[in-house]
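Observations on the model geometry
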Amino acid sequence: MEAIIQYLQNRESLGIKLGLERMDLLLDRLNHPEKEIPMIHVAGTNGKGSTVHMLANTLIAQGYKVGVFTSPSFYGIRGHVFRNNQIMDEKTFIQLMNEILPVVNELDRLGQKPTSFEILTALAFLFFKGRVDLAIVEAGMGGRFDTTNCITPLISVITTIAIDHEQYLGNSLSEISYHKAGIIKKNRPVVIGPMEEEAKKVIIKEAEEKNAKLFSFGEDFNIEIQDNRPYWIGPNGFSNELTLQIEGKHQLQNAAVALMVLYNLREKNVINIDWKRVNDSLYQVKIPGRFEMIKTHPNIILDSAHNFAGIDAFIHTAKPYFKANRQRVLFAGFKDKRLYEMIERLQSENIQITLTTFEHTRAAKKDYYKELLIKFDNITFADDWKKVITTFIEQSSQSETLFVTGSLHFTMVVRQFITQYYQKKSNGK
């Protein structure tokens, strides 16, 4: 495993390469395992990871063997690929890497070097073949030219569209929507979450061109509050109660999207659904890094709000906590994001914000934030985020809360650090 990790890390130097040419070559030489697996393809600026979790949990509870390919990973290199919520075991991972390696070497010689993400995607498809009834594939970035867009799914899903990854996808909602809409396939249905009209117009146009039946949040399905309880309202007046552990209005919307996908597949007799069990399976969903209370008394909440829309959703969910005593935010992000806008939005809530940095080539350093540090009294910078967390754990009162946000990658390393911190304490170290 160490050799594989090093090998894939070395290939990170190839960078992000949009386009499907290398993926097509790679899968062709592996005899196209992706063509033998029924799949759901999920893209979107925010919410796709949550929607994937909800779909997987519900289908597993219905008795299906479900594969999931997701990114980035909270659990190391193997954490991109799951079967029934279980991470792929090392032995199988090594076996499949050895199967792929000769093909990668051949493509390298031809000057068509697959990226690490392309290799992991192909490995996931090989793993799913013969092991799952259905797989849920989360797009990495964009959609049209994303590595995962080599599949023809049963149904496509676009959760939300907001400004993000501008250097790759464009600076407007219509440009970004063009990329997301690329996962829509001919004669295959597509489900979309709540989005602005500028984005929706692009999706509608693509769906019409592909003769893809469109199911839109707010039109074909919705969330309604009845007797102070949220209900999913689907086509033909069909309804199902929704009860989630995970917090936030946006998570109810993600659940609504997931239920529309399940409803559609059930109507096409692709799957069987016992609707009485659906709400229970959704309630069991816990998602790493999505408003996750990883520690209590004092509280630490991790939320991977990595763009402006994400920060807005985070603030809406965190509002009740802001009213309590001594709430603060630890923030680190990528310098190619709109960090100033995100931080100023946080600052407007009058909470204490500590900016920091972490080990990553894209991570913003202290100099990046100098104007914010001069402008606002409630914003400070800490060189050592680990010290911030340990000091908070050891010296804060039971009622205080620390929010960690700004980058999914940062949230991941913080989560790992806190988990290891308590493992060492429990072992007496």
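Residues numbered from 1 in each chain as written. Predicted model: local features only at pLDDT ≥ 70, side-chain atom pairs only at ≥ 80, totals over all residues. Heavy atoms only, no water.

Let's talk about the environment of M342
Within the secondary structure layout, M342 lies in helix 12 (residues 339-347). C-alpha of M342 to C-alpha of W385: the two residues are 43 residues apart in sequence and 19 Å apart in space. Among all residues touching M342, those that are not within four sequence positions of it are A305, H306, N307, F308, I311, F331 and G406. (Helix = DSSP H or I, 4+ residues; strand = E, 2+ residues; numbered from the N terminus. Contact = heavy atoms within 4.5 Å.)

Observations regarding unusual backbone geometry
Residue H297 is joined to P298 through a cis peptide bond whose omega torsion reads -5°. Mapped onto the fold, P298 is located in the loop between strand 12 (292-295) and strand 13 (299-302). Even without a glycine there, the phi angle at N228 is positive, about 65°. Topologically, N228 is positioned in the loop between strand 9 (222-226) and strand 10 (229-233). In the Ramachandran plot, N350 falls in the positive-phi region, its phi being about 60° despite a non-glycine side chain. By the secondary structure assignment, N350 is in the loop between helix 12 and strand 15 (352-355).

Things to note about the side chain of S116
Following the sequence through the fold, S116 ends up in helix 5 (residues 116-128). Engagement of the side chain of S116 in a polar contact is seen with the backbone oxygen of L8, the distance being 2.5 Å. Once residues lying within four places of it in the same chain are set aside, the contact partners of S116 are L8, R11 and E12. (Polar contact = N/O pair within 3.5 Å; in protein donor to acceptor, adjacent residues only side chain to side chain.)

Observations regarding the packing of aromatic side chains
By the definition in use, this model includes 24 aromatic pairs. Between F291 and F314, the aromatic rings sit 6.2 Å apart at their centres with planes inclined by 45°, giving tilted as the arrangement. With a gap of 23 residues between them, F291 in the loop between helix 10 (275-283) and strand 12 and F314 in helix 11 (residues 308-322) connect regions that are remote in the sequence. Each member of the pair, F291 as well as F314, carries the same accessibility label: buried. (Phe/Tyr/Trp six-rings, centres within 6.5 Å; stacked < 30°, edge-to-face > 60°. Buried < 20%, exposed > 50% of the residue type's maximum accessible area, 1.4 Å probe, protein only.)

With respect to helix 12
Every buried residue of helix 12 is listed here: L339, M342, I343, L346 and Q347. With its buried residues spanning 135° around the axis, helix 12 presents them on a single face. Residues of helix 12 that are buried make contact with helix 11, strand 14 (327-331), strand 15, helix 13 (370-375) and strand 16 (379-381). (Arc of directions from axis to C-beta.)

So, the nonpolar core
Soluble globular proteins tend to pack their nonpolar side chains together in the buried interior. Among the nonpolar cores identified, the biggest contains 42 residues, and I40, L59, I136 and F221 are the most heavily contacted of them. Broken down by element, this core gets its largest block of residues, 11 residues, from helix 9 (residues 249-267). With sequence-adjacent residues up to four places away left out, L59 is seen in contact with I40, Y64, V66, L134, I136, L262 and I271. (Core = buried A, V, L, I, M, F, W, Y, C linked by side-chain atoms within 4.5 Å.)

A closer look at the packing of helix 14 (residues 385-395) against helix 15 (residues 408-426)
Two numbers describe how helix 14 lies on helix 15: the axes approach to 11 Å, and their chain directions differ by 50°. When the interaxial angle is binned, helix 14 and helix 15 end up oblique. Crossing geometry of helix 14 relative to helix 15 is assigned as right-handed. Along its contact with helix 14, which presents W385, K386, I389, T390, I393 and E394, the element helix 15 presents F410, V413, V414, F417, I418, Y421 and Y422. For the contact of helix 14 with helix 15, the residue count by class is 10 nonpolar, 1 polar and 2 charged. (Axes fitted to C-alpha atoms, helices over the stretch in contact; angles between N-to-C directions. Parallel < 35°, antiparallel > 145°, perpendicular 65-115°, else oblique. Left-handed = near helix turned anticlockwise from the far one by under 90°. Nonpolar A, V, L, I, M, F, W, Y, C, P; charged D, E, K, R; others polar.)

Some remarks on the sheet that holds strand 1 (residues 39-43)
Here we have 8 strands laid out as an open sheet, ordered 4-3-2-5-1-6-7-8, and mixed in their pairing. The two strands at the open ends of the sheet, each matched to only one other strand, are strand 4 (86-87) and strand 8 (214-216). Summarising the sheet, strand 7 (residues 190-192) and strand 8 pair through 3 bridges and their orientation is parallel. Counterpart to I192 in the pairing with strand 8 is S216. Its contacts with the sheet place helix 8 (residues 197-209) against strand 6 (155-158), strand 7 and strand 8, and it is angled at close to 160° to strand 8. (Pairing = 2+ DSSP bridges.)

Brief notes about helix 3 (residues 48-61)
Here helix 3 contains 14 residues, and its C-alpha end-to-end distance of 20 Å stays within 8% of the 20 Å for a straight helix at 1.5 Å per residue. Burial of helix 3 is extensive: 11 of the 14 residues sit out of reach of the surface. Every buried residue belonging to helix 3 is among K48, G49, S50, T51, V52, M54, L55, A56, N57, T58 and L59, and all of these are buried. Trailing helix 3 by a residue or two, G63 shows a phi angle of about 100°, which is positive. (Expected span 1.5 Å × (residues − 1).)

Remarks on the pattern of salt bridges
Counted under the stated rule, the structure contains 16 salt bridges. The partner of K210 in a salt bridge is E206, with the nearest N and O atoms 2.9 Å apart. Of the residues examined, K210 reaches a relative accessible area of 23% and is grouped as partly exposed. Overall, the relative accessible area of 8% leaves E206 in the buried class. (Salt bridge = Lys/Arg side-chain N within 4 Å of Asp/Glu carboxyl O.)

Some words on the sheet that holds strand 14
Taken together, the 6 strands give an open sheet; going across it, the order is 12-13-17-14-15-16, and neighbouring strands pair in mixed fashion. Since the sheet does not close on itself, it has two edges, and those belong to strand 12 and strand 16, each with one partner. Direction aside, the axes of adjacent strands within the sheet are offset by 25° on average. Relative to strand 13, strand 12 runs antiparallel, the two sharing 3 bridges.

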